[in-house]
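# Structural characterization, general
Read off the chains here:
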Amino acid sequence: MTVPFKVSHTAFMFSISLAATYTYNKMTFALIPVGFDFGTDKAGKKWINNGRY
């Protein structure tokens with residue numbers, strides 16, 4: 001079995017957001033106007049600040 005990519009690091013991040021949802025005929029719509037991402041370790045902070053590792 002081959003692996004298409006190699007994972008050489010781990011990062012722990014979490015997000016907080018404010019959302020409004022509306023459900024109509026078994027379909028849910030969500031509006032998320034505000035959101036914040038936090039990295040708790042060096043790799044997570046680098047990912048969030050640069051948008052990539």
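Let me begin by describing the structure that accompanies this report.

Conventions and cut-offs
- Residues numbered from 1 in each chain as written.
- Predicted model: local features only at pLDDT ≥ 70, side-chain atom pairs only at ≥ 80, totals over all residues.
- Heavy atoms only, no water.
- Helix = DSSP H or I, 4+ residues; strand = E, 2+ residues; numbered from the N terminus.
- Buried < 20%, exposed > 50% of the residue type's maximum accessible area, 1.4 Å probe, protein only.
- Contact = heavy atoms within 4.5 Å.
- Areas by Shrake-Rupley, 256 points an atom, 1.4 Å probe, with all protein chains shown as cover.
- Patch = residues over 30% accessible without salt bridge, like charges linked within 9 Å, V, L, I, M, F, W, Y side chains within 5 Å.
- Salt bridge = Lys/Arg side-chain N within 4 Å of Asp/Glu carboxyl O.
- Pairing = 2+ DSSP bridges.

### Concerning the overall build of the chain
- Counting secondary structure elements, the chain contains 1 helix and 2 strands.
- Counting across all 53 residues of the chain, residues that qualify as buried make up 6%.
- The long-range fraction of contacts in the chain, counting pairs at least 24 apart against all pairs at least 6 apart in sequence, stands at 35%.
- Just so you have it, the chain exposes about 5,200 Å², and 61% of that area is on carbon and sulfur atoms.

### Examining a nonpolar patch on the surface
- A contiguous nonpolar surface patch, about 680 Å² in accessible area, is contributed by Phe-12, Phe-14, Ile-16, Leu-18, Val-34, Phe-36 and Phe-38.
- Of all the elements in the fold, those that place two or more residues in the nonpolar patch are β1 (13–24) and β2 (27–39).
- By the element assignment, Val-34 lies in strand β2.

### Here's the deal with the pairing of β1
- With 11 bridges joining them, β1 and β2 adopt antiparallel strand pairing. Residue pairing for β2: Met-13 is matched across the bridge by Gly-39.
- Two successive antiparallel strands, β1 and β2, enclose a turn made up of 2 residues, where Asn-25 displays a positive phi of approximately 50°.

### Quick word on the environment of Val-34
- By relative accessible area, Val-34 is classed as partly exposed at 35%.
- Measuring from C-alpha to C-alpha, the distance between Val-34 and Ile-16 comes to 8.5 Å, with 18 residues separating the pair along the chain.
- Setting aside residues no more than four positions away along its own chain, Val-34 makes contact with Ile-16, Ser-17 and Leu-18.

### So, unusual backbone geometry
- Of note, the phi angle at Asn-25 is positive, near 50°, even though the residue is not glycine.
- Here Asn-25 lies in the loop between β1 and β2.
- Since its relative accessible area comes to 61%, Asn-25 is described here as exposed.
- With phi around 65°, Lys-26 is a residue other than glycine that occupies positive phi space.
- Here Lys-26 lies in the loop between β1 and β2.
- The exposure class of Lys-26 is exposed, given its relative accessible area of 84%.

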